[in-house]
Amino acid sequence: MKFIEELNNHENQLIEKLRSHPILSGLDRLTNQEFEHLLLQRRFFSLNFTPVMEHVLVGLENQEAKKIIGWLIREEYPHYAPSHREDIVSDLMKIGIPKNKILTTKPTNRTQETINKTLKLLEYEENFDIKGTIVARFIFEVCPGEEYELIVKELERRYGMKREDSVFYWPHFKHDKKQNQATDQLSHSDKFSEILSKIIDSENKLLRAKQILDSAYEIKLCFYNQFLEGGSYV
Ligand SMILES: [Fe+2]
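Bear in mind that the values here come from a model prediction, so they are computed numbers and not experimental data. (Residues numbered from 1 in each chain as written. Predicted model: local features only at pLDDT ≥ 70, side-chain atom pairs only at ≥ 80, totals over all residues.)

1. Some thoughts on the overall build of the protein chain
Worth spelling out the cut-off: Secondary structure counts use DSSP, requiring at least four H or I residues in a row for a helix and at least two E residues in a row for a strand, with both numbered from the N terminus. The atom set for the radius of gyration is the C-alpha atoms, and the globule formula is 2.2 Å times the number of residues raised to the power 0.38. Remark: C-beta atoms are placed from the backbone, and a residue is labelled buried if 20 or more other C-beta atoms sit within 10 Å of its own, exposed if 12 or fewer do, or partly exposed between those counts. What counts as a contact is two residues whose backbone-derived C-beta atoms lie within 7 Å of each other.
Check the secondary structure of the protein chain and you find 11 helices and zero strands. The linear arrangement of helices and strands in the protein chain, starting from the amino end, is α-α-α-α-α-α-α-α-α-α-α. Its C-alpha atoms give the protein chain a radius of gyration of 17 Å, near enough to 17 Å, the size a compact globule of 234 residues would have. When the backbone C-alpha atoms are referred to their principal axes, the protein chain occupies close to 50 × 45 × 30 Å. Every one of the 234 residues in the protein chain was classed for burial, and the buried ones make up 32%. Summarising the internal contacts of the protein chain: among those between residues at least 6 apart in sequence, 74% fall at separations of at least 24.

Now the structure itself:
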């Protein structure tokens, strides 16, 4: 089996595990207050996108990967449209969360911990390309595609928020998700496929890539575990 196929299979297993996490697979069991708390905390993880991507951008040597990361950062702040940061607030306000609450909520200790762990995982080291590319893609494109797919279904079920009403969750689900059938363009996750198949070219690199993916997955688990019964709400 080609290295990239093996990596892909490994990643798909992690995706399935993430989707079956009791919180993500049971969003409909949360109260409105709990669900909104989750969305407000998840926003802090999204806000971390730019500093992490900028850190990855300067660390990378691979010019193709740099082009994609640079493009993703600029996409976050389009020239003639609201930024993704404004879009997420718009969606949260549309489901009835007051702007004041969105902007005065603080990250929980656990949310802050997951942000710190992401930065720690991405600490610069020699041969940074594998780590930088895999972590940036998995944490900020592959996982959001899966998380938002589940979240948009819940937004529709709970608040009647339709695809055309959403400027953040729906578009991100569509353009981030790995191998998304809902779009005819390469998703943000899939833009990295060719680069990954070039840089994962030995058994050792494959092993390293799998370990990095596992650590990135642990960060996502750490974030969602906080919402389990008895988890920290402060
Ligand atoms: Fe994206």
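After that view, the rundown keeps rolling.
2. Focus on the packing of helix 3 (residues 49-59) against helix 4 (residues 63-76)
Let me state the cut-off plainly: Lines fitted to the C-alpha atoms define the axes, with helices restricted to the stretch that makes contact. Angles between their N-to-C directions range from 0 to 180 degrees. For classification purposes, angles smaller than 35 degrees are called roughly parallel, those larger than 145 roughly antiparallel, those between 65 and 115 roughly perpendicular, and all remaining angles oblique. In a left-handed crossing the near helix is turned counterclockwise from the far helix by less than a right angle, and in a right-handed crossing that turn is clockwise. Side-chain classes are defined by residue name, with Ala, Val, Leu, Ile, Met, Phe, Trp, Tyr, Cys and Pro counting as nonpolar, Asp, Glu, Lys and Arg as charged, and the others, Gly among them, as polar.
Interaxial distance between helix 3 and helix 4 falls to 10 Å at its minimum, and their mutual angle equals 155°. Taken together, helix 3 and helix 4 sit at an angle that is classed as roughly antiparallel. The element helix 3 and its partner helix 4 pack so that their crossing is left-handed. Here Phe 49, Thr 50, Met 53, Glu 54, Val 56 and Leu 57 of helix 3 lie close against helix 4, whose contacting residues are Lys 66, Ile 69, Gly 70, Leu 72, Ile 73 and Glu 76. Per-class residue counts for the contact of helix 3 with helix 4 are seven nonpolar, two polar and three charged.

3. Remarks on the nonpolar core
Spelled out, the test is: The term nonpolar core refers to a group of buried residues, namely Ala, Val, Leu, Ile, Met, Phe, Trp, Tyr and Cys, whose C-beta atoms join them within 7 Å.
Of all hydrophobic cores here, the largest spans 33 residues; its most connected members are Ile 69, Val 135, Ala 136, Phe 138, Ile 139, Leu 213 and Ala 216. Examining the composition of this core, we find that eight residues originate from one element, helix 8 (residues 128-159), more than from any other. If we ignore the near neighbours within four places in the chain, the residues touching Ile 69 are Met 53, Val 56, Leu 57, Leu 60 and Ala 136. Within the second largest apolar cluster, 10 residues are counted, among which are Ile 88, Leu 92, Leu 155 and Tyr 169.

4. Quick notes on the packing of helix 8 against helix 11 (residues 203-225)
Packing of helix 8 against helix 11 leaves a shortest axis separation of 10 Å and a crossing angle of 40°. Taken together, the axes of helix 8 and helix 11 are oblique relative to one another. The interaxial crossing formed by helix 8 with helix 11 has right-handed handedness. Contact residues: helix 8 offers Ile 130, Lys 131, Ile 134, Val 135, Phe 138, Ile 139 and Cys 143, while helix 11 offers Lys 205, Arg 208, Ala 209, Ile 212, Leu 213, Ala 216, Ile 219 and Lys 220. Here the contact of helix 8 with helix 11 is composed, by residue class, of 11 nonpolar, no polar and four charged.

5. Thoughts on helix 4
Selection criterion: In a helix, the anticipated span is given by 1.5 Å times the number of residues less one. Here the arc refers to the set of directions running from the helix axis out to each C-beta atom.
Along its 14 residues, helix 4 runs 20 Å from first to last C-alpha, staying within 8% of the 20 Å computed at 1.5 Å per residue. Those residues of helix 4 that sit buried are Ala 65, Ile 68, Ile 69 and Leu 72. What you see down the axis of helix 4 is that its buried residues fit within an arc of 95°, all on one side. Residues of helix 4 that are exposed and angled more than 90 degrees away from the buried face: Gln 63, Trp 71 and Arg 74. If you follow the buried residues of helix 4, they end up packed against helix 3, helix 8 and helix 10 (193-199).

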